[in-house]
Amino acid sequence: MESTSLSQPASLIDPFGRSVNYLRLSVTDRCNLRCTYCMAEEMTFLPKQQILSLEELRDAATAFVELGIRKIRLTGGEPLIRRDILKLVSSLAALPGLDELTMTTNGVYLPSMAQPLKDAGMSRLNISIDSLKIERFKQLTRVGDLSQVLDGIHAANVVGFNKIKLNAVILAGFNDDEVIDLASFAVDNGLDISFIEEMPLGEISSHKRAATQITSAQIRDQLESKFTLLDSTETTGGPSRYRQVANSDSKIGFISPMSNNFCESCNRVRMTAEGRLLLCLGNEHSLDLREILRSHPGDSERLKSKIIQAIADKPERHYFDPDQVDIVRFMNMTGG
Ligand code: SAM
Ligand code: SF4
């Protein structure tokens with residue numbers, strides 16, 4: 001088995017030579033919103049006993065960090081609805097070897113949670129916002145109140161989170177007329193923003209995904225009518241590319257899982273809230289880590305050896321087809 005001693009840092013390298021150093025950890029599949037592209041209107045969530053406990057999440061995260069994971073992003077579902085999330089944040093933030101602990105949130109609970117999250121050791125936040133129009137935001141999220149998210153973004157800024165990044169999924173014919181407004185909002189507030197292509201994860205009823213596809217290149221063309229976008233060297237690995245907005249502190253990211261396959265630089269794996277290790281967003285294959293966490297609690301060597309074995313099965317790339325839902329798993333179950 002690979003050495004995990006401190007003198008020789010461990011690393012997870014897959015068969016295609018990619019170093020895996022980034023874990024997206026889903027802490028719940030539940031959410032207070034119902035974004036149309038993410039969930040069906042009627043969703044069945046996992047029974048509570050199938051969800052990993054805080055201790056199990058921490059043990060899994062610890063094993064990953066001991067194996068060379070340097071960045072963890074907490075996600076869901078909505079991570080801020082997980083009870084005792086702050087305890088988990090504190091314990092993960094204290095893990096030796098972890099460089100960055102981040103979270104993706106819909107922002108609704110940030111007005112009260114931003115400060116405690118900062119105090120608990122959260123490094124950075126991504127906040128999702130797909131529209132700046134009250135009615136449209138409500139329609140897109142089915143239940144959401146835009147003012148809560150705007151207050152959440154403000155709160156995160158006020159408590160001093162640096163490099164806050166907004167995430168916007170753009171759907172053609174729905175919110176593609178807001179690309180410039182969303183980017184201007186980010187620039188005016190000194191934030192970064194990423195525009196995300198919609199992925200065909202799960203069977204939804206609100207729209208035909210093939211009809212709402214828009215590429216990052218089309219979004220970038222729109223943006224270039226207003227902004228000068230300069231090359232940026234920033235990358236997080238995986239399917240995102242960044243541009244610096246001239247004369248501003250803001251960067252604009254393009255996450256292009258559909259139009260541009262950057263799988264060759266993928267550096268991440270995901271663990272679902274019930275402890276399934278997903279080696280690729282666009283493949284159904286997964287490994288059940290909960291079984292090991294529950295049958296051998298505290299046996300970190302066994303867990304690590306399973307993770308190392310799993311990395312050997314990381315697929316080379318994904319094949320998404322918007323006309324066809326190959327992946328039955330919804331994004332809230334995946335951990336976006
Ligand atoms: N609830 C949190 C939020 O919305 O930020 C975290 C979880 S959410 C699943 C993470 C990200 O995935 C969000 O930015 C969301 O917009 C994005 N997302 C959800 N479903 C998607 C899909 N089918 N295609 C592309 N992005 C999606
Ligand atoms: Fe909830 Fe995030 Fe999915 Fe929207 S995208 S339904 S906020 S998990």
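First things first, this report covers the structure right here in the doc.

**Comments concerning the pairing of strand S5 (residues 100-105)**
Counting buried positions over the six residues of S5 gives five, a clear majority of the element. As judged from the four bridges shared by strand S4 (residues 71-75) and S5, these two strands associate in the parallel manner. Paired with Arg73 across the bridge in S5 is Thr102. The parallel pair S4 and S5, bridged by helix H2 (residues 85-93), forms a crossover whose chirality is right-handed. Pairing analysis gives four bridges linking S5 to strand S6 (residues 124-128), with the strands arranged parallel.

**Re the nonpolar core**
Ranked by internal contacts, the top residues of the largest apolar core, which has 91 residues, are Ile72, Leu74, Leu117, Phe195 and Leu223. When residues in this core are grouped by element, the largest group, seven residues, is from helix H1 (residues 54-66).

**Re the site of ligand 2**
Near ligand 2, the surroundings consist of Cys31, Leu33, Arg34, Cys35, Cys38, Met39, Gly77 and Asn106. Split by residue class, the shell around ligand 2 holds five nonpolar, two polar and one charged.

**Here's the deal with the site of ligand 1**
Taken together, 19 residues lie near ligand 1, and Tyr37, Gly77, Ser128, Met199 and Met331 sit nearest. Take Gly77: an N or O atom from its main chain is 3.0 Å from a nitrogen atom of ligand 1. Contact between ligand 1 and Ser128: an oxygen atom at 2.5 Å from a side-chain N or O atom of the residue. Against a free-state accessible area of 550 Å², the protein chains account for coverage of 95% of ligand 1.

**Quick notes on the packing of aromatic side chains**
A complete count under the given rule lists zero aromatic pairs for this structure. Between Lys71 and the ring centre of Tyr22, over which it is positioned, the NZ or CZ distance is 4.6 Å. The ring of Phe174 is capped by Arg136, whose NZ or CZ atom sits 5.8 Å from the centre of that ring.

**Digging into unusual backbone geometry**
A positive phi angle, near 65 degrees, is found at Asp84, a position not held by glycine. A positive phi angle, near 50 degrees, is found at Lys163, a position not held by glycine. Within the element layout of this structure, Lys163 appears in the loop between helix H5 (146-158) and strand S7 (165-170). The partly exposed category is assigned to Lys163, whose relative accessible area is 49%.

The rules we used
- Residues numbered from 1 in each chain as written.
- Chains lettered and ligands numbered in written order.
- Predicted model: local features only at pLDDT ≥ 70, side-chain atom pairs only at ≥ 80, totals over all residues.
- Heavy atoms only, no water.
- Buried < 20%, exposed > 50% of the residue type's maximum accessible area, 1.4 Å probe, protein only.
- Helix = DSSP H or I, 4+ residues; strand = E, 2+ residues; numbered from the N terminus.
- Pairing = 2+ DSSP bridges.
- Right-handed = clockwise from strand over helix to strand, strands pointing away.
- Core = buried A, V, L, I, M, F, W, Y, C linked by side-chain atoms within 4.5 Å.
- Near = heavy atom within 4 Å.
- Nonpolar A, V, L, I, M, F, W, Y, C, P; charged D, E, K, R; others polar.
- Polar contact = N/O pair within 3.5 Å; in protein donor to acceptor, adjacent residues only side chain to side chain.
- Areas by Shrake-Rupley, 256 points an atom, 1.4 Å probe, with all protein chains shown as cover.
- Phe/Tyr/Trp six-rings, centres within 6.5 Å; stacked < 30°, edge-to-face > 60°.
- Lys NZ or Arg CZ within 6 Å of the ring centre and 35° of its normal.

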